[in-house]
Each structure stands twice: as C-alpha cells, then as structure tokens.
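Working through the structure, step by step
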Amino acid sequence: MKSVQFEPINSRIQVNTNTNILEAILAEELDVLMACGGKGMCATCHVHVETGQQSLTPRTEREQRTLGRITGCNTQSRLACQARVIGEGVVIRLPDGMYIERAEDLMKYLGTRAGSNVLHPIDGSVLIEKGKIITKSRIRDLESLRECYGKLRTANTTRSY
Ligand code: FES
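Described in the following lines is the structure provided in the data block.

Rules used throughout
- In every chain, residue numbers begin from 1 and rise along the written sequence.
- Since the coordinates come from a predicted model, pLDDT governs what is reported: local features require at least 70, and pairs of side-chain atoms require 80 or more to be given and counted, while whole-chain, interface and lining totals use all residues.
- The term nonpolar core refers to a group of buried residues, namely Ala, Val, Leu, Ile, Met, Phe, Trp, Tyr and Cys, whose C-beta atoms join them within 7 Å.
- Partly exposed residues are those falling between the two cut-offs: more than 12 but fewer than 20 other C-beta atoms within 10 Å of their own, whereas 20 or more means buried and 12 or fewer means exposed, with C-beta atoms placed from the backbone.
- Going along the chain from the N terminus, every DSSP run of H or I of four or more residues is numbered as a helix, and every run of E of two or more is numbered as a strand.
- Throughout, a residue-residue contact means that the two C-beta atoms, derived from backbone geometry, are no farther apart than 7 Å.
- For two strands to count as paired, DSSP must find a minimum of two bridges between them.
- Axis definition: a line fitted to C-alpha atoms, over the contacting stretch in the case of helices. Angles run 0 to 180 degrees between N-to-C directions.

**A word on the nonpolar core**
Buried together is how nonpolar side chains tend to be arranged in soluble globular proteins. In this structure, Val4, Ile21, Ala80 and Ile92 are the most contacted members of the largest nonpolar core, which totals 17 residues. Contributing elements (two or more residues each) for this core: β1 (2-7), α1 (21-27), β3 (46-51) and β5 (90-93). Considering every element that reaches this core, the biggest residue donor is α1, with four residues. In contact with isoleucine 21, other than residues within four places in its own chain, are Val4, Val47, Arg78, Ala80, Ala83, Val85 and Ile92.

Right, dumping it as structure tokens:
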C-alpha cells in the first residue's frame, strides 16, 4: 500500500502499489469528467504533482503528447489516468475548475456567476473565468464544444495504440 495526498482538500488515501491516480481520485468520490475514458487523450484528469514525482511511473509517449496541447501544463503536470503510484510521498494538486462536455451543460447555471473556472475538456483552456456571469450568448459561443468532444469520442473508439 502507498499513500496519496490530495490538495487543496487535504485528503489522504491509501492505495495499492500501481494504482493510477485517477482510480485514487475516484475512490475519494471526487468528480472527474474522464472525457476520453481514461485513455490519456484529454485534459479532464490533468493534475499537478506537488511532491513525489519520483514515486510515479514515468510519462508515456501518449501522455507526453496530450500534455503538450494542454493549457497550464508544466513540469509538475500528469494525466491522472496514466500515472501509477509506485512509491511514497505523492501529493497531488487537483485542478481549480470544472470541465464541461457540451455548452448545454452550462444551462443550469444560466444567469449565475461561475463558481470556478469552466474548462475545455480537450485542451484545458479557461472557457469562462470564475466569477463571470454565465450568459446565453456565452453558452452559444461554446456550441462548437460538442463537435470537438464528438471527435474525441470517435477517436477514442476507432484509434488503437
Ligand atoms: S481521462 Fe482523459 S486523459 Fe485521463
């Protein structure tokens, strides 16, 4: 067993060696969109490793490629679905934002201020900043998200690595 700490929620969990971080996040019943189904092709499980990089399996080629197109990626970045825990001292910083699949997902927040940044599921860019009012026109501007997300789903079902 290995321990993994999640910030900023200050939660620690014990996992079996070789468990990936995504499984650990789900075990904590935290919400993850998993737009690509855990295949290392989207931004929705992007996390930052505060400490313990050496206690995780190294980045794969696919992970490296996907991280290369994610906004906010840095040397601490990992895709939770690709990083397996092999040692102690792992501290993970969860993203400050909410990923969405389709513009319609925002309809229930219409007229309210975004409680956190609204993030693009593929590249992680900020679509609506925290505190901004979610308007109909802003939601309309994001309609291309559905097509973008559809392409990811198609790639996910037809591509094999
Ligand atoms: S769930 Fe898509 S990259 Fe991890």
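There is more to say, and it comes next.
**Topic: the pairing of β1**
Going residue by residue along β1, you find Lys2, Val4 and Phe6 tucked away on one face and Ser3, Gln5 and Glu7 left uncovered on the opposite face. From the end of β1 to the start of strand β2 (residues 11-15), which pair antiparallel, there are three residues, and asparagine 10 there has a positive phi angle of about 55°.

**Structural notes on the sheet that holds strand β7 (residues 118-119)**
Spatially, the three strands line up as an open sheet ordered β6-β7-β8, and their pairing is mixed. On the outer flanks of this sheet lie β6 (98-99) and β8 (126-128), each paired with one strand and no other. Bridge analysis of β7 against β8 gives two bridges, and the strand direction is antiparallel. Bridge pairing in β8 links valine 118 to isoleucine 128.

**Describing the sheet that holds β3**
Taken in spatial order, the five strands make up an open sheet running β2-β1-β5-β3-β4, and their pairing is mixed. Here the strands that pair on one side only, and so sit at the sheet edges, are β2 and β4 (77-79). Within the sheet, the average angular offset between the axes of one strand and its neighbour, ignoring direction, is 35°. Note that β3 and β4 share three bridges and pair antiparallel.

**Details of unusual backbone geometry**
Backbone torsion omega between glutamate 7 and proline 8 reads 5°, so that peptide bond is classified as cis. Along the polypeptide, proline 8 turns up in the loop between β1 and β2. Positive phi, close to 55°, is recorded for asparagine 10, a residue that is not glycine. Within the secondary structure, asparagine 10 sits in the loop between β1 and β2. On the basis of neighbour count, asparagine 10 is assigned to the exposed category, with 7 C-beta atoms found within 10 Å. Even without glycine at this site, glutamate 29 takes up a positive phi of about 60°. Mapped onto the elements of the fold, glutamate 29 is located in the loop between α1 and β3.

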